[in-house]
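Here is what each chain is made of, one letter per residue.
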Amino acid sequence: MNPQAKLIFALSLTLGTTLTISSNHWIMAWTGLEINTLAILPLISKSHHPRAIEAATKYFLVQAAASALVLFSSMTNAWHTGQWDITQLSHPTSCLILTVALAMKLGLVPFHFWFPEVLQGSSLIVGLLLSTLMKFPPITLLYLTSPSLKPSVLMTMAILSTALGGWMGLNQTQTRKILAFSSISHLGWMAIIIAYSPKLALLNFYLYTLMTAAVFLSLNSIKALKLSTLMTTWTKAPSLNAILLLTLLSLAGLPPLTGFLPKWLIIQELTKQEVALAATIIALLSLLGLFFYLRLAYCATITLPPHTTNHMKQWYNNKTTHTMVAVLTTMSLMLLPISPIILAVV
């Protein structure tokens, strides 16, 4: 793909995201979502591989259906209340339709089936965009409409997402699919808290974006698309592999790493809101996620492949690690001690 086309798509993604997160009117928010969808499609299908074309088609169909539901929800609300303002969503049917539409956009259970398949058909960089930037506009709409949405529906979706994200990630051998189920699991944590503390949900999203970007860029540096490749990369970039181990543990939410901060705060807030049972269930379900992060970490740093003759050794290279990877991995590991400052800012 030529640089001019890439620039146009990058600018369109920026425009679409900015338009949705800064708009007050439903039609403008919907326009931003549509621009985003149309801009990412050529990036998904640029390799012209049948799997990439299939991924782009699936992505288009799901996002088009979700956008239609967003429009239908806002029109139903405007019909009954005369309000096009995003924060004035008050009609119960509109609230329910919008919850379904945003769950489809984000890939929350039971509307998650498209996400692992689309991520598997994309490159790692496009996968990073799909897991982070493309989730930002729907999360913003959830944030703005959170007082109107039903906490019970969101809580059910959240617990199912954390359960399925952890459970289905256990048996995967492809790194992109593992990260897709990791994303579904993390979205569960955001969905459960958004009705009680929207700011905490946004903080969780920012930290998730930070850690996921670090993992995706590290995997892209060592070109690891499946676990068997990851096993032989320790010869290529030993220091990056060691840092990848810690970043994965941070994504799993182990203290004293950055990923522990949102989980700790969410469990604390849920207990304050007297939904300790939900907090206990979601905390136990996160152990499933911890298992497959440990498996990834084990493959990356601790193990050797059983039949080394079948693998081409990738020998150490003197290429320096990208500065962005270094900055993101450092932040993914070391933000917990400054949590009071983060909370004061948020």
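All values derive from a computational prediction rather than experimental measurement.

### What to know about the domain arrangement of the protein chain
Then comes step 1: Domain boundaries assigned for the protein chain yield domain 1 (1-123) and domain 2 (150-345).
Then comes step 2: Inter-centroid distance (C-alpha atoms) of domain 1 to domain 2 is 24 Å.
Then comes step 3: Tallying the contact residues gives 17 residues for domain 1 and 19 residues for domain 2.
Then comes step 4: Taken over both partners, the interface formed by domain 1 and domain 2 buries close to 1500 Å², and the fraction arising from carbon and sulfur atoms is 75%.
Then comes step 5: Looking at the side of domain 1 facing domain 2, the largest losses of area belong to Leu108, Val109 and Gln120, adding up to 38% of the total buried there.
Then comes step 6: Summed over the shared surface of domain 1 and domain 2, the result is one salt bridge.
Then comes step 7: Residue lysine 177 is joined to glutamate 117 by a salt bridge in which the shortest nitrogen-to-oxygen separation is 3.4 Å.
Then comes step 8: The tally of links between domain 1 and domain 2 comes to five residue pairs in polar contact (both at pLDDT 80 or more).
Then comes step 9: With five residues, the single largest contributor to the side of domain 1 that touches domain 2 is helix H5 (residues 114-120).
Then comes step 10: For the side of domain 1 that touches domain 2, the per-class residue count stands at 10 nonpolar, six polar and one charged.

### What about the UniProt feature "transmembrane region" (unreviewed entry) in the protein chain?
Then comes step 1: On the UniProt side, "transmembrane region" (unreviewed entry) is annotated at positions that read residues 96-115, 124-146, 152-171, 178-197, 203-222, 243-265, 277-304 and 325-345 here.
Then comes step 2: Secondary structure across residues 243-265 comprises 70% helix and 0% strand; the distance between its end C-alpha atoms is 25 Å.
Then comes step 3: The span residues 325-345 shows a helical share of 81% and a strand share of 0%, and its end C-alpha atoms are spaced 24 Å apart.

### As for the pattern of salt bridges
Then comes step 1: Across all of its chains, the model carries three salt bridges by this definition.
Then comes step 2: With its nearest N and O atoms 2.8 Å apart, the salt bridge here joins lysine 58 to glutamate 54. Linking lysine 58 with glutamate 54, this pair stays in helix H3 (residues 50-81), spanning four residues, or about one helical turn.
Then comes step 3: The exposure class assigned to lysine 58 is partly exposed, which follows from its relative accessible area of 29%.
Then comes step 4: The partner of lysine 58 in a salt bridge is glutamate 117, with the nearest N and O atoms 4.0 Å apart. Here lysine 58 is found in helix H3, whereas its partner glutamate 117 is found in helix H5, with 59 residues between them in sequence.
Then comes step 5: According to the relative accessible area criterion, glutamate 117 is partly exposed, its value standing at 27%.
Then comes step 6: Each member of the salt-bridge network shares a partner with another, and the members are Glu54, Lys58, Glu117 and Lys177.

### Some points on the nonpolar core
Then comes step 1: Counting residues in each nonpolar core, the largest one holds 105 residues, and the members touching the most others are Ile40, Ile44, Tyr59, Leu130, Ile192 and Leu230.
Then comes step 2: Of all the elements, helix H10 (residues 198-221) adds the most residues to this core, at 15 residues.
Then comes step 3: Split by domain, the residues of this core number at least three in each of domain 1 (1-123) and domain 2 (150-345).
Then comes step 4: Apart from residues lying up to four places away in sequence, leucine 230 is in contact with Leu219, Ile222, Ala224, Asn241, Leu244, Leu296, Cys299 and Ala300.

Parameters at a glance
Residues numbered from 1 in each chain as written. Predicted model: local features only at pLDDT ≥ 70, side-chain atom pairs only at ≥ 80, totals over all residues. Heavy atoms only, no water. Domains from an automatic or database assignment. Contact = heavy atoms within 4.5 Å. Buried area = accessible area lost by both parts, 1.4 Å probe. Salt bridge = Lys/Arg side-chain N within 4 Å of Asp/Glu carboxyl O. Polar contact = N/O pair within 3.5 Å; in protein donor to acceptor, adjacent residues only side chain to side chain. Helix = DSSP H or I, 4+ residues; strand = E, 2+ residues; numbered from the N terminus. Nonpolar A, V, L, I, M, F, W, Y, C, P; charged D, E, K, R; others polar. UniProt positions renumbered as here; feature names shortened; annotations may be inferred. Buried < 20%, exposed > 50% of the residue type's maximum accessible area, 1.4 Å probe, protein only. Core = buried A, V, L, I, M, F, W, Y, C linked by side-chain atoms within 4.5 Å.

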